[in-house]
Amino acid sequence: EVQLVESGGGLAQPGGSLRLSCATSGFTFDDYTVGWFRQSPKGREGISCISNTDDSTYYADSVKGRFTILNDHVKNTVYLQMNYLKPEDTGIYFCAADPIRGLCINPYDYWGQGIQVTVSS
């Protein structure tokens, strides 16, 4: 059974940092692309994705230079380090995985339950 479990969300002040984790199981990690998608009133946006095959990455323009995606091939976990957070980063962050689709090209096959990130003073 494929499982994606997000952790690390919560409340942060503008300019602060949070690190999201996506622990995966039930599939061959190195064969999949894993990414983070943000749900907000604007819709669902692919924020950052990483190919576990060649470690190539994608970042949405809105987060370039502030967010970093990393993968751990031993722990089968993908992290999203979020720095210099802005109120517009607020939303529900979903971890998703797919064996075929490109970096942050929706729809992905497997999804976590989502985790809330709120950036507010």
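Attention here is on the structure that accompanies the text. All of these numbers come straight from a predicted model, not from anything done at the bench.

1. Observations regarding the pairing of strand E4 (residues 33-40)
Across the eight residues of E4, seven count as buried, placing the element largely inside the fold. Pairing of E4 with strand E5 (residues 43-51) involves eight bridges; the strand directions are antiparallel. Its bridge partner lying in E5, Ser 40 is registered against Gly 43. Hairpin geometry of E4 and E5 is characterised by an intervening segment of two residues between the two adjacent antiparallel strands. Examined bridge by bridge, E4 and strand E9 (residues 91-98) share seven bridges and lie antiparallel to one another. Looking at the pairing, Thr 33 lines up with Asp 98 of E9.

2. Topic: the sheet that holds strand E8 (residues 77-82)
One open sheet holds the four strands; their spatial order is E1-E3-E8-E7, and the pairing between them is antiparallel. Of all the strands in the sheet, just strand E1 (3-7) and strand E7 (67-72) have a single pairing partner and so form its edges. Strand-to-strand, the axes of this sheet are offset by a mean angle of 15°, without reference to chain direction. The sheet contact formed by E1 and strand E3 (residues 18-25) spans five bridges and is antiparallel. Within E3, the position partnered with Leu 4 by the bridge is Thr 24.

3. Digging into the nonpolar core
In terms of nonpolar packing, the biggest core is built from 27 residues, with Leu 20, Trp 36, Phe 67, Leu 80, Met 82 and Tyr 93 touching the most fellow members. For this core, the elements supplying multiple residues, two or more each, are E3, E4, E5, E7, E8, E9 and strand E11 (115-119). Non-local contacts of Tyr 93, meaning those with residues more than four positions away in its chain, are made with Glu 6, Leu 20, Trp 36, Phe 37, Arg 38, Ile 47, Phe 67, Leu 80, Met 82, Gly 114, Ile 115 and Val 117. Core analysis: the next-biggest nonpolar cluster, separate from the first, contains five residues, Phe 37, Ala 96, Cys 104 and Tyr 108 among them.

4. Overview of the state of the cysteines
Tallying each qualifying case throughout the model produces two disulfides. Through a disulfide, Cys 22 is tied to Cys 95; the S-S separation comes to 1.9 Å. For the disulfide bridge between Cys 22 and Cys 95, the dihedral angle about the S-S bond is near -75°, and by the sign convention the bridge is left-handed. Here the residue Cys 22 occupies a position in strand E3, and Cys 95 occupies one in strand E9, the gap between them amounting to 73 residues. Both residues of the pair, Cys 22 and Cys 95, belong to the buried class. With a sulfur-sulfur separation of 2.0 Å, Cys 49 is cross-linked through a disulfide to Cys 104. Handedness here is read from the sign of the S-S torsion; for Cys 49 and Cys 104, about 100°, the answer is right-handed. Here Cys 49, found in strand E5, pairs with Cys 104, found in the loop between E9 and strand E10 (110-111); they are 55 residues apart in sequence, far enough to count as distant. Across this residue pair, the class does not change: Cys 49 and Cys 104 are buried.

Cut-offs and rules
- Residues numbered from 1 in each chain as written.
- Predicted model: local features only at pLDDT ≥ 70, side-chain atom pairs only at ≥ 80, totals over all residues.
- Heavy atoms only, no water.
- Buried < 20%, exposed > 50% of the residue type's maximum accessible area, 1.4 Å probe, protein only.
- Helix = DSSP H or I, 4+ residues; strand = E, 2+ residues; numbered from the N terminus.
- Pairing = 2+ DSSP bridges.
- Axes fitted to C-alpha atoms, helices over the stretch in contact; angles between N-to-C directions.
- Core = buried A, V, L, I, M, F, W, Y, C linked by side-chain atoms within 4.5 Å.
- Contact = heavy atoms within 4.5 Å.
- Disulfide = S-S within 2.5 Å.

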